[in-house]
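# Architecture at a glance
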Amino acid sequence: MWENMEIGLEKAGPAQLKVKPAQESLGFGGHFTDHMFLMKWDRQKGWHDAKVCPYQPFILDPAAMVFHYGQAIFEGLKAYKNTNGQVFLFRPRDNFERMNSSALRMCMPRLPVEKVFKGLKALVYLDRDWIPTVPGATLYIRPTMIAVEPALGVRPAGEYFFFIIMSPVGAYYREGFSPTRIFVTDKYVRAVKGGVGHVKTSGNYAASIMAAEEAHKAGYTQVLWLDACDRKFIEEVGTSNIFFKINDELITPPLGGSILPGITRDSVIQLALKWGVKVAERLITIDEVIAASNDGSLQETFGTGTAAVISPVGEFCYQDQKYLVNNGTTGPLAQRLFDELQAIQNGQQEDPFKWITRVG
Ligand SMILES: *Cc1c(COP(=O)(O)O)cnc(C)c1O
């Protein structure tokens, strides 16, 4: 069926083209490019009507199942342009493979990865003038799948939309790294084994907003999540994976079903191993981190994710006690990982892991 499916192309007319925002004040997620990718699925036809078309709103029935039962999954990746105007994607197939694991868990249809990848490349190429060129700025890409069948009743929907939209985003760190302050919550939990914590599904984020709001009010940037059962094993920070460098060893929680298998997490592990850094994927408790902070063996803490790449943690607060990490400054390993990953993503550095794909 979809193996033979062509991807249609409807180009935006001159009147539909938007004025591009100034690159210096892009921020995150407020601007969208001229085109999008759209593809539909139903039980009879499978995936069909794949096209790159002008960015446009949907008309959805108020009974569309996504509004009621939340079958919605998404991904986040980026396109980069180097100084020669060449365009690169970072590990894009991994995002679509992960989306297929999400689809399986949420009883949603499997994506034809190569087809969707072809659609993504066509979309990025068509809107390549939207990829920012100021240092650190990139084009953020958001593939999404939602249930659109109009029906009430909890069951897998019979109709879905898959779409890709793209947003030019500013440099996460415009004046160099600024370490974040994080709030360790033992009041709220994000996920539990057997649930959907390892799935990039919208409900996880809706459920996390209240904890983040309370942390913001208390002056913190992010929430550090502990496991739901014992409230002592560290899981993730905000919407990023987390790493600790203790006694020259890089430690990150294992993928046990309640945390998201981050592509940046995997890239950091591979790079660190290549550099000869000792890496352990193992359970780590908040008490162990505090003990390491107290005896001086906690050298660095940082989050990893597509948006910020590496996000150093300068301070954390747990049960009303504050702990500084590396005197509130960015550690050398976080800095090295950030510089190396950014250079690979921008096509400025050799890519020994074959992570980047050139688009145009
Ligand atoms: C997306 C995400 C991450 C990071 O994944 P990357 O593939 O590195 O961007 C980590 N945790 C959560 C909860 C996420 O949603």
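See the structure printed just above.
Just so it is clear, the model here is predicted, and its values are computed rather than measured.

### Observations regarding the packing of helix H5 (residues 263–274) against helix H7 (residues 332–345)
Packing of H5 against H7 leaves a shortest axis separation of 11 Å and a crossing angle of 110°. It follows that H5 is roughly perpendicular to H7 by the angle criterion. Seen from H5, the contacting residues are Thr264, Ser267, Val268 and Leu271; seen from H7, they are Leu337, Glu340 and Leu341. Among the residues forming the contact of H5 with H7, the class breakdown is four nonpolar, two polar and one charged.

### Notes on H5
Taking 1.5 Å of rise per residue, the twelve residues of H5 would be expected to cover 16 Å, and the 17 Å separating its terminal C-alpha atoms lies within 8% of that figure. Taken residue by residue, H5 has Ile263, Thr264, Arg265, Ser267, Val268, Ile269, Leu271 and Ala272 as its buried positions.

### A look at the packing of helix H2 (residues 92–105) against helix H3 (residues 113–126)
Where H2 contacts H3, the axes come no closer than 10 Å and their chain directions differ by 130°. For the element pair H2 / H3, the angle class is oblique. As H2 runs across H3, the sense of the crossing is right-handed. Counting all contacts with H2, which are made through Pro92, Arg93, Phe96, Glu97 and Asn100, the residues of H3 involved are Val113, Glu114, Val116, Phe117 and Leu120. Of the residues belonging to the contact of H2 with H3, the class tally is six nonpolar, one polar and three charged.

### A look at the site of the ligand
In the vicinity of the ligand there are 14 residues, among which Lys200, Tyr205, Glu236, Thr264 and Thr306 approach most closely. The contact in question runs from an oxygen atom of the ligand to an N or O atom on the side chain of Thr264, over 2.6 Å. Considering the ligand on its own, with 380 Å² of exposed area, one finds that the protein chains cover 96% of that surface. Broken down by class, the residue content of the shell around the ligand amounts to three nonpolar, seven polar and four charged.

### Regarding the packing of aromatic side chains
With the rule as written, the count across this model stands at 13 aromatic pairs. Judged by centre distance (5.6 Å) and plane angle (50°), the ring pair of Phe183 and Tyr220 falls under tilted. Pair noted here: Phe183 is in strand S9 (residues 180–185) and Tyr220 is in the loop between helix H4 (202–217) and strand S10 (222–226), with a separation of 37 residues, a long-range link. Aromatic pair Phe316 and Tyr323: ring centres 5.1 Å apart, planes at 20°, arrangement stacked. Taken as a pair, Phe316 and Tyr323 share a single burial class, namely buried. By way of ring pairs, the aromatic residues Phe37, Trp47 and Phe162 are connected into one cluster. Sitting over the face of the ring of Tyr55, Lys18 holds its NZ or CZ atom 4.2 Å from the ring centroid.

### Observations concerning the environment of Cys317
With respect to the secondary-structure elements, Cys317 resides in strand S16 (residues 309–318). What makes Cys317 buried here is its relative accessible area of 6%. If near-sequence neighbours (up to four positions away) are discounted, Cys317 is found in contact with Ile182, Phe183, Val184, Tyr220 and Lys322.

Criteria and thresholds
- Residues numbered from 1 in each chain as written.
- Predicted model: local features only at pLDDT ≥ 70, side-chain atom pairs only at ≥ 80, totals over all residues.
- Heavy atoms only, no water.
- Axes fitted to C-alpha atoms, helices over the stretch in contact; angles between N-to-C directions.
- Helix = DSSP H or I, 4+ residues; strand = E, 2+ residues; numbered from the N terminus.
- Parallel < 35°, antiparallel > 145°, perpendicular 65-115°, else oblique.
- Contact = heavy atoms within 4.5 Å.
- Nonpolar A, V, L, I, M, F, W, Y, C, P; charged D, E, K, R; others polar.
- Expected span 1.5 Å × (residues − 1).
- Buried < 20%, exposed > 50% of the residue type's maximum accessible area, 1.4 Å probe, protein only.
- Left-handed = near helix turned anticlockwise from the far one by under 90°.
- Near = heavy atom within 4 Å.
- Polar contact = N/O pair within 3.5 Å; in protein donor to acceptor, adjacent residues only side chain to side chain.
- Areas by Shrake-Rupley, 256 points an atom, 1.4 Å probe, with all protein chains shown as cover.
- Phe/Tyr/Trp six-rings, centres within 6.5 Å; stacked < 30°, edge-to-face > 60°.
- Lys NZ or Arg CZ within 6 Å of the ring centre and 35° of its normal.

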